[in-house]
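Reading the structure
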Amino acid sequence: VNAVPRMNYTSTISFSSRPELTDSLWSATQRSIAALQADGPTAEELARFVAQQQRSSEVAFRTNDFWTATLMQRVRVGEPIASILDWSRRLAALTPVAIRDAARKVLDMTRLARFVLLPEQP
């Protein structure tokens, strides 16, 4: 089994709103990305994210759907099945600097596509 190539990636940011809020939400999104790239998250923001992810993981670990999808993904890409259990350790190892550096690497604002889906007009 060949591992999935890691030569490309996709990041998606989406939200629902009234059409007249589109530009202000886009501006807020750009400011948030710039802040992540400049400083990374605050320690408090990171702690809230880690806690939320740990709670979500605990719930997901209790479902067959989680285990089926996760086991299939590990087999498909050739990763050790035991790596599933490393999630909490990897999550706990996150730092604001690591997130800042990742944001600088993967959130390239010169290479993006912005799509606005508007409601149909009667």
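Residues numbered from 1 in each chain as written. Predicted model: local features only at pLDDT ≥ 70, side-chain atom pairs only at ≥ 80, totals over all residues. Heavy atoms only, no water.

1. Here we look at a nonpolar patch on the surface
Taken together, the side chains of L71, V75 and I81 define a hydrophobic patch exposed on the protein surface, amounting to about 240 Å² of accessible area. Residue position: V75 is located in helix α3 (residues 64–77). (Patch = residues over 30% accessible without salt bridge, like charges linked within 9 Å, V, L, I, M, F, W, Y side chains within 5 Å. Areas by Shrake-Rupley, 256 points an atom, 1.4 Å probe, with all protein chains shown as cover. Salt bridge = Lys/Arg side-chain N within 4 Å of Asp/Glu carboxyl O. Helix = DSSP H or I, 4+ residues; strand = E, 2+ residues; numbered from the N terminus.)

2. As for the packing of aromatic side chains
Tallied over the entire structure, the rule returns 3 aromatic pairs. Look at F61 and W67: their rings are 5.5 Å apart centre to centre, the planes differ by 40°, and that puts the pair in the tilted class. You can call W67 partly exposed: its relative accessible area is 27%. Ring geometry for F66 and W67: centres 5.1 Å apart, planes at 85°, overall edge-to-face. Linked through ring pairs, F61, F66 and W67 together constitute an aromatic cluster. (Phe/Tyr/Trp six-rings, centres within 6.5 Å; stacked < 30°, edge-to-face > 60°. Buried < 20%, exposed > 50% of the residue type's maximum accessible area, 1.4 Å probe, protein only.)

3. Examining the packing of helix α1 (residues 22–39) against helix α5 (residues 96–106)
For the pair α1 and α5, the least separation of the axes is 7 Å and the interaxial angle reads 120°. Accordingly, the angle class assigned to the pair α1 and α5 is oblique. As α1 packs across α5, the resulting crossing turns out to be left-handed. Seen from α1, the contacting residues are L36, Q37, A38 and D39; seen from α5, they are I99, R100, A103 and R104. Across the contact of α1 with α5, the residue classes break down as 4 nonpolar, 1 polar and 3 charged. (Axes fitted to C-alpha atoms, helices over the stretch in contact; angles between N-to-C directions. Parallel < 35°, antiparallel > 145°, perpendicular 65-115°, else oblique. Left-handed = near helix turned anticlockwise from the far one by under 90°. Contact = heavy atoms within 4.5 Å. Nonpolar A, V, L, I, M, F, W, Y, C, P; charged D, E, K, R; others polar.)

4. Some words on the environment of A69
Tracing the backbone through its elements, the reader meets A69 in helix α3. Sequence spacing of A69 and A92 is 23 residues, and the spatial spacing of their C-alpha atoms is 23 Å.

5. Here's the deal with α3
Taking 1.5 Å per residue, 14 residues should reach 20 Å; α3 reaches 20 Å between its end C-alpha atoms and fits that length. Listing the buried residues of α3 in full gives F66, T70, R74 and V77. Taken around the axis of α3, the buried residues stretch over an arc of 80°, which confines them to a single face. Those residues of α3 that are exposed and aimed more than 90 degrees away from the buried face are N64, D65, M72 and V75. On its buried side, α3 packs onto α2 (43–60) and α4 (87–92). (Expected span 1.5 Å × (residues − 1). Arc of directions from axis to C-beta.)

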